[in-house]
Amino acid sequence: MADRSAGDGRTAGTVTGAAAGADSTTEIGRRVLRLRTERGFTQRQLAEPAYTAAYVSTLEAGKVRPSEAALRHLADRLGVSYEELTTGRSPRDATRLRAAVTDARRALATGAAEDAAELFAEVRDEAERLGFAEERGAALLGLGDCALETGELTVARDHFEAVERLLAGEPLPRRIPAIRGRAVAHLLAGELRYSCYLLESAIDELNASGLHDPYALLLLYTAAIAPYMDMGAHARAVRAAELALALAPSVDDPGLIARMHRGVARTLIAEGRTAEADASLAKAQELYEQLRIHTDLAHCHWMRGYVHAQDGNLERAERELRTARDMLASKRAALFTVQVEVELADVLRRRGRTADAEALLLPLLARTPAEGAADAPREPEAAADEVGLTADRGAVHAGGAHRLLGLIADERGDAEAAEEHYCAALSLLERTGAAGDLADLCRLLGDLLRREGRLEAAMDAYRTGLGHRAAPGTTTLGPAPAEPPM
């Protein structure tokens, strides 16, 4: 998409006798002619008392570049703003486009991502035509969020990168929502290290430059918790949660505060503080219910299901996960839906319903967007949307699905199938750097190989697992990012 923002946001008076950032002489002349005709003025009526009809005629023909004083006189006579006359951009258009962005955001909040994407696309196109960079950036950001919701990760990254290019000359805090969006897209694709790199680099740049914007920092620290946890960098996740909690009182955004509570709950779960984690999620859920943000509310049910599963309350866990899954499926949040199904399958297996768990998992790994309609019949909770898990789309959960299928095969004595699934999971997770999951998987594979009498292969698996557990709480990213003054 062509970037037309070069003349946006500039003020008049920096070019001799002309408007800075104004359109060409010909375009201004045509605009004056159109507005004068619409209002029924003669050239003399428009020109007087400061100018002549001949001057207006010459200007309308594009043969003279008007001075700033002349443009301000004509704008006043025509009843438009100086900016609208010189650039064709009306403040009313900006207000209308911002209202349209708000409507699209509201549609996305209710879970109607596809409808919201259509609204954002309309705003993007009109903002580009009119040359409104800020509104175009807001629309592109919304399109990226919609693509995250529907699991179109490459599309999402493209939109977020377009926002960053559009705002390249703006202060860093303006670009942080797009950077955060791009990091989330990489996280969902299973690129955990790169997700951390993007977030930590932005944090360092903000703090090093003295731009301690509380909203931007809270957005980044909250987003960093998930990749830290998946990589086994528990100490960094806890510190990010602590900093997020400290920043929260300075931020007036209930949606972001709710998202922060969800992230903090992950660190509490890892510490075994399940009651506190559930309380944190209850705060987030209350905010989402007030804001009517349906998809994020589904994520709260998802996380609460995970909390109950960790606490051993499998019946409540299944109920929460089914609620989350149904809410996400109804809004066609395809990638999130299948990720919930993996965790639901784990609960079903632990409840002794291995056949149900297997029936839920197998189609998730077999399905692709083009092949979904041809899948074998699935139980109702598995028929969410025609999207599956792959190496570049939900890789962590794809590895988790193979791990569960390996456990099921192992429990029924099918060592060959178990090894196949464990190795598939290992291949997926090694690409992501999900240290804790990798260590556990290597233990399972080592135990299987040892029972089979393949001691040398078992030792290799154990050594691999120990390598992933060698430095708990760390990543391969180097020193932790600088912290803001609190």
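Parameters and conventions
Residues numbered from 1 in each chain as written. Predicted model: local features only at pLDDT ≥ 70, side-chain atom pairs only at ≥ 80, totals over all residues. Heavy atoms only, no water. UniProt positions renumbered as here; feature names shortened; annotations may be inferred. Helix = DSSP H or I, 4+ residues; strand = E, 2+ residues; numbered from the N terminus. Salt bridge = Lys/Arg side-chain N within 4 Å of Asp/Glu carboxyl O. Buried < 20%, exposed > 50% of the residue type's maximum accessible area, 1.4 Å probe, protein only. Expected span 1.5 Å × (residues − 1). Arc of directions from axis to C-beta. Contact = heavy atoms within 4.5 Å. Phe/Tyr/Trp six-rings, centres within 6.5 Å; stacked < 30°, edge-to-face > 60°. Lys NZ or Arg CZ within 6 Å of the ring centre and 35° of its normal. Polar contact = N/O pair within 3.5 Å; in protein donor to acceptor, adjacent residues only side chain to side chain. pLDDT = per-residue confidence, 0-100.

Draft legend 1. How the structure looks around the UniProt feature "coiled-coil region" (unreviewed entry) in the chain. The UniProt feature table records "coiled-coil region" (unreviewed entry) at residues 307-334. Annotated as residues 307-334, this span is 79% helix and 0% strand, and its ends, taken at the C-alpha atoms, are 23 Å apart.

Draft legend 2. Focus on the pattern of salt bridges. This structure, assessed with the given rule, holds 39 salt bridges. Across the pair Glu-68 and Arg-72 runs a salt bridge whose closest N-O atoms are separated by 3.0 Å. Of this pair, Glu-68 and Arg-72 both sit in helix α4 (residues 68-78), separated by four residues, roughly a single helical turn. What makes Glu-68 partly exposed here is its relative accessible area of 24%. The shortest N-O distance in the salt bridge between Arg-463 and Asp-460 comes to 2.6 Å. You can see Arg-463 and its partner Asp-460 sitting in helix α23 (residues 455-468), three residues apart, about one turn around the helix. Within the structure, one salt-bridge network assembled from shared partners comprises Glu-318, Arg-322, Arg-351, Arg-353 and Asp-356.

Draft legend 3. Just helix α1 (residues 25-39), in detail. Look at α1: 21 Å from first C-alpha to last across 15 residues, which is about the 21 Å you get at 1.5 Å a residue. Listed as buried for α1 are Thr-25, Ile-28, Gly-29, Arg-31, Val-32, Leu-35 and Arg-36. The buried residues of α1 all sit within an arc of 160° when viewed along its axis, so they share a single face. Exposed side chains of α1 directed beyond 90 degrees from the buried face belong to Arg-30, Thr-37 and Glu-38. Residues of α1 that are buried make contact with α2 (43-47), α3 (53-60), α4 and α5 (82-87). Two residues or fewer after α1 comes Gly-40, characterised by a positive phi angle close to 75°.

Draft legend 4. Molecular detail of the environment of Ser-81. By secondary structure assignment, the location of Ser-81 is in the loop between α4 and α5. Residue Ser-81 is classed as partly exposed on the basis of its relative accessible area, which comes to 25%. The spatial distance from the C-alpha of Ser-81 to the C-alpha of Pro-91 is 8.0 Å, given a sequence separation of 10 residues.

Draft legend 5. Quick look at the packing of aromatic side chains. Applying the stated criterion across every chain, the model contains three aromatic pairs. Taking the centre distance of 5.2 Å and the plane angle of 20° together, the rings of Tyr-51 and Tyr-55 count as stacked. For Tyr-51, a relative accessible area of 25% gives the class partly exposed. Geometrically, the ring pair formed by Tyr-194 and Tyr-197 is stacked, given 5.7 Å between the ring centres and 25° between the ring planes. Taken together, the positions of Tyr-194 and Tyr-197, both in helix α11 (residues 192-208) and three residues apart, correspond to about one turn of that helix. Given the relative accessible area of 35%, Tyr-194 is considered partly exposed. The exposure class of Tyr-197 is partly exposed, given its relative accessible area of 46%. If you follow Arg-72 out to its NZ or CZ, it ends over the ring of Tyr-82, 3.8 Å from the centre. The aromatic ring of Phe-41 is capped on one face by Arg-77, whose charged end is 5.8 Å from the ring centroid.

Draft legend 6. Structural context of the side chain of Arg-36. Assignment of secondary structure puts Arg-36 in helix α1. Classification of Arg-36 by relative accessible area gives buried; the value is 12%. There is a polar contact of 2.6 Å between the side chain of Arg-36 and the side chain of Glu-60. The residues contacting Arg-36, other than those within four sequence positions of it, are Phe-41, Thr-42, Gln-43, Leu-46, Glu-60 and Leu-78.

Draft legend 7. Main features of the confidence of the model for the chain. Across the chain, pLDDT averages 84, with 88% of residues at or above 70. Confidence drops under pLDDT 50 across residues 1-21; counting only partners more than four residues distant or on other chains, this segment forms 44 contacts. The low-confidence segment residues 470-477, where pLDDT is below 50, has 18 contacts with residues more than four positions distant or belonging to other chains.

Draft legend 8. Molecular detail of helix α20 (residues 395-411). Taking 1.5 Å of rise per residue, 17 residues should cover 24 Å, and α20 covers 24 Å from first to last C-alpha, within 8% of that figure. Burial analysis of α20 places 14 of its 17 residues in the buried class, the great majority of the element. Immediately downstream of α20, the backbone of Gly-413 shows phi near 85°, a positive value.

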